[in-house]
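Residue-level structural notes
Okay, here's what each chain looks like letter by letter:
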Amino acid sequence: LDNATFFTVPRGNYKAGVDTALSIDGLTAAELLFLEQKDAEASPLGIVPRILLVPPALLVRGTQLMQSTDVRDTTANTKYPTNNPHAGKFSVVYSAYLSNATLAGNSAKAWYVLADPADLPVIELAFLNGQQTPTVERADADFNVLGIQFRGYFDFGCALQDYRGGIKLK
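The following refers to the structure shown.

Criteria and cut-off values
- Residues numbered from 1 in each chain as written.
- Predicted model: local features only at pLDDT ≥ 70, side-chain atom pairs only at ≥ 80, totals over all residues.
- Heavy atoms only, no water.
- Helix = DSSP H or I, 4+ residues; strand = E, 2+ residues; numbered from the N terminus.
- Rg over C-alpha atoms; globule rule 2.2 N^0.38 Å.
- Contact = heavy atoms within 4.5 Å.
- Lys, Arg positive; Asp, Glu negative; His and termini not counted.
- Charge placed at Lys NZ, Arg CZ, Asp CG, Glu CD.
- Phe/Tyr/Trp six-rings, centres within 6.5 Å; stacked < 30°, edge-to-face > 60°.
- Buried < 20%, exposed > 50% of the residue type's maximum accessible area, 1.4 Å probe, protein only.
- Lys NZ or Arg CZ within 6 Å of the ring centre and 35° of its normal.
- Pairing = 2+ DSSP bridges.

Section: the overall build of the protein chain
A count of helices and strands for the protein chain gives 2 helices and 9 strands. Ordering the α and β elements of the protein chain from the N terminus gives β-α-β-α-β-β-β-β-β-β-β. Taken against the 2.2 N^0.38 rule, which gives 15 Å for 170 residues, the C-alpha radius of gyration of the protein chain at 22 Å runs more than 25% over that of a compact globule. Across its three principal axes, the protein chain shows a C-alpha extent of roughly 85 × 40 × 25 Å. Contacts in the protein chain between residues far apart in sequence, at least 24 positions, make up 70% of those at least 6 positions apart. Looking at the protein chain, you have 14 positive and 17 negative side-chain charges, and the mean spots of the two groups are 9 Å apart.

Details of the packing of aromatic side chains
Taken as a whole and judged by the stated rule, the model has 5 aromatic pairs. Seen from their ring centres, Phe6 and Phe7 are 5.1 Å apart, and the 85° between their planes marks the pair as edge-to-face. Judged by its relative accessible area of 6%, Phe7 falls in the buried class. A network of ring pairs unites the aromatic residues Phe6, Phe7 and Tyr112 as a single cluster. Positioned above the aromatic ring of Tyr163 is the side chain of Arg11, whose terminal nitrogen or guanidinium carbon lies 4.3 Å from the ring centre. Cation over ring: Arg164 sits above Tyr163, and NZ or CZ is 5.6 Å from the ring centre.

Focus: the pairing of strand β2 (residues 49-54)
The element β2 is largely enclosed, with a buried count of 5 among its 6 residues. Pairing of β2 with strand β4 (residues 111-115), which is carried by 4 bridges, proceeds in the antiparallel orientation. Following the sheet pairing, Ile51 is matched in β4 by Leu114.

Right under this line is the structure:
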């Protein structure tokens, strides 16, 4: 969560301000920011975002935006389209870690638009010797103890991968 050097304005994958609230306009801005990213040769990435990652406080709003096909504004007398251009576009995923107050960099208002990890991963997960399951070991207990002993461990790590695979809005 303490990703202030990963998501930055100069890299083109971070935007903050009043116009970045999770809304139709906010999603439009996030998608545009994502699609305008370039590769090392300054060519468009050609990858579209697929995941909307939100903290629990924004889960309902994110779900509404992905499932509602109509958006109506009853406060104005102007004509406007009622079609939701983002309906069903992203898979909504939430993480309680995003707003956990005990973690540095937490926020209940920040949200992310991410590429499909198969296309362009933001985070890489690696396993020691490629073993993707925990190791469980069994041993006989000491002579004075009836029973057997077990221990388990899991050797894996994760690291930030490609900053162009995601957009953070706050």
